[in-house]
Amino acid sequence: MTTPSIVVLLLAVAWLGGLALGARLLLILATVDGASMEPTLRPGERVLIRRTRRPRRGDVVLMRLPADPALLLKRVVAVAGEHLPADWARPDVHGLGDRRVPAGCYVVLGDNRPVSTDSRYFGLVRRDRVLGVMIRRLPSGG
């Protein structure tokens, strides 16, 4: 191999390595565990998450609860400043007495409400607990 060919090869390897590192910093691969997001997401499905702490209403987010190592996938149903519909939370639970979501917080629910542990149980989700937003489902390997 000539010196220019080696340089091109090394540059290509460095570029691919940088691309892989960039993807790792921007993306998370998650596997759905449980039925709380059915029928939208089924157990065993894999999803791609874009790292961000600023989801919008309707986004499915990957989040972590305080003092709990488990990661959860839930849908954002209300963002800071929005009123809460009466059926999403009781006014006397989790500091939602004024019926508005405070700054830096979200209300999340599972799509399969009867089996979902969500904001109805653990309250508001602070922005720093959100890891990212689902951008797509990935094809199954089987």
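The rules behind each value
- Residues numbered from 1 in each chain as written.
- Predicted model: local features only at pLDDT ≥ 70, side-chain atom pairs only at ≥ 80, totals over all residues.
- Heavy atoms only, no water.
- Buried < 20%, exposed > 50% of the residue type's maximum accessible area, 1.4 Å probe, protein only.
- Helix = DSSP H or I, 4+ residues; strand = E, 2+ residues; numbered from the N terminus.
- Pairing = 2+ DSSP bridges.
- Core = buried A, V, L, I, M, F, W, Y, C linked by side-chain atoms within 4.5 Å.
- Contact = heavy atoms within 4.5 Å.

A. Region of the structure containing the pairing of strand β5 (residues 105–109). Across the five residues of β5, five count as buried, placing the element largely inside the fold. Going residue by residue along β5, you find C105, V107 and L109 tucked away on one face and Y106 and V108 tucked away on the opposite face as well. Examined bridge by bridge, β5 and strand β6 (residues 125–126) share two bridges and lie antiparallel to one another. Counted as the bridge partner of Y106 is V125 from β6.

B. Just the nonpolar core, in detail. Judged by nonpolar contacts, I28, A30, V32, M37, L41, V47, I49, V60, L62, L73 and M134 together constitute the single largest core of 11 residues. Put simply, the parts of the chain that give this core at least two residues each are β1 (27–31), β2 (46–51) and β3 (60–64). The contacts of L41, once residues within four sequence positions are left out, are V32, V47, V60, L73, M134 and R137. Counting 10 residues, the second largest nonpolar core, distinct from the first, contains M63, L65, V76 and V133.

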